[in-house]
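If you want the building blocks of each chain, they are given just below.
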Amino acid sequence: MKKKVKTNALRILDQKHIEYKTKEYDYDEEHLGGEHVLKQIDLNANQVYKTLVLKSKNDYLVCCIPVLKEIDLKKLAKASNHKSVEMIPMKDLLSITGYIRGGCSPIGMKKQFKTYFQKEIYDESEIAVSAGKRGLQIILNPKDLINLVNGEIVDVVR
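Peer 1: Please give an account of unusual backbone geometry that cites residues and values.
Peer 2: If you check the backbone angles, His 17 has positive phi at about 55° while not being a glycine. Secondary-structure assignment places His 17 in the loop between helix H1 (8-15) and strand E1 (21-24). A relative accessible area of 73% places His 17 in the exposed class.

Below you can see the structure in the form of structure tokens.
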């Protein structure tokens, strides 16, 4: 029997006694995008959130938006009270967050960054985010996730 892997994100949820389920899916280097995940887990596109890591002049921030949506950097800059924000270079993701592309969770990063969630998250009773490794999603109540990371609700998609 295969041993269940506990990622940092899952350990934190366990410690905080937050209910969740996990869902495994197949992936490869060419298929790390949200469309690929959607085909394999039993949720709709509005329930699966991708975790984006961005930087402003002085700090990093995290934004979770529905997997098929695109972020509007100007809207996020305004919502987060920054002059401008930009995506971090992919090569910096691991050193900043402790996670790799396709496995970046808003839970359990090396440091807790200010985290923003697209406002439609409240329309769903459960949502999925990366569990902190490729091929594994956490499914949980959005309110639990937002409270856990002290998230802020914004409207930042195009």
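What follows continues from the structure just given.
Peer 1: Before we move on, could you go through the sheet that holds E1 and cite the residues and values that matter?
Peer 2: Taken together, the three strands give an open sheet; going across it, the order is E1-E7-E6, and neighbouring strands pair in antiparallel fashion. Strands with a single pairing partner mark the edges of an open sheet, and in this sheet they are E1 and strand E6 (127-130). Strand-to-strand, the axes of this sheet are offset by a mean angle of 30°, without reference to chain direction. Pairing of E6 with strand E7 (residues 136-140), which is carried by four bridges, proceeds in the antiparallel orientation. The residue of E7 that forms the bridge with Ser 130 is Gln 137. Packed onto the sheet, H1 meets E1 and E7 and runs at close to 25° relative to E7.

Peer 1: I'd like to hear about the sheet that holds strand E3 (residues 60-66), residue by residue, with values.
Peer 2: The strands making up a sheet associate through backbone hydrogen bonding, with each pair oriented either parallel or antiparallel. Strand order in the open sheet formed by five strands is E4-E2-E3-E5-E8, and the pairing between neighbours is mixed. Each edge of the open sheet carries a strand with a single partner, namely strand E4 (86-87) and strand E8 (152-154).

Peer 1: Lay out the nonpolar core in plain terms, naming residues and giving numbers.
Peer 2: Among soluble globular proteins, nonpolar side chains are generally buried collectively. Ranked by size, the top nonpolar core spans 27 residues in total, and within it Ile 138 and Leu 140 carry the most contacts. Elements supplying a minimum of two residues to this core: H1, strand E2 (49-55), E3, helix H4 (93-97), E6, E7 and helix H5 (142-148). Ignoring anything within four residues of it in the chain, the contact list for Leu 140 reads Leu 13, Ile 18, Glu 19, Tyr 20, Ser 125, Glu 126, Ile 127, Val 129 and Leu 145. Within the second largest apolar cluster, 13 residues are counted, among which are Leu 54, Ile 65, Val 85 and Val 156.

Peer 1: Go over the side chain of Thr 97, please, and point to the residues and values.
Peer 2: Position of Thr 97 among the secondary structure elements: in helix H4. A polar contact of 2.9 Å, which involves the side chain of Thr 97, links it to the backbone nitrogen of Tyr 99. Setting aside residues no more than four positions away along its own chain, Thr 97 makes contact with Val 53, Cys 104, Met 109 and Lys 110.

Rules and cut-offs
- All chains use their own residue numbering, which begins from 1 and follows the written sequence.
- Only residues with pLDDT of at least 70 get local features here, since the model is predicted, and only at 80 or more are side-chain atom pairs given and counted; chain-wide, interface and lining totals rely on the full set of residues.
- Here the side-chain values reflect all heavy atoms present in the structure, with hydrogen atoms and water set aside.
- Put simply, DSSP H or I for four residues or longer makes a helix, DSSP E for two residues or longer makes a strand, and each gets a number counted from the N terminus.
- Working definition: with a 1.4 Å probe on protein chains only, accessible area under 20% of the residue-type maximum means buried, over 50% means exposed, and in between means partly exposed.
- We treat two strands as partners when DSSP finds at least two bridges between them.
- Orientation is described by lines fitted to C-alpha atoms, with helices fitted over the stretch in contact, and by angles between N-to-C directions that extend from 0 to 180 degrees.
- It only takes one pair of heavy atoms within 4.5 Å for two residues to be counted as in contact.
- Only buried Ala, Val, Leu, Ile, Met, Phe, Trp, Tyr and Cys residues count toward a nonpolar core, and they belong to the same one when joined by side-chain atoms within 4.5 Å.
- Residues adjacent in sequence count toward polar contacts only when both atoms are side-chain atoms; beyond that, a polar contact is any pair of N or O atoms within 3.5 Å, and within protein one must be able to donate a hydrogen and the other to accept it.

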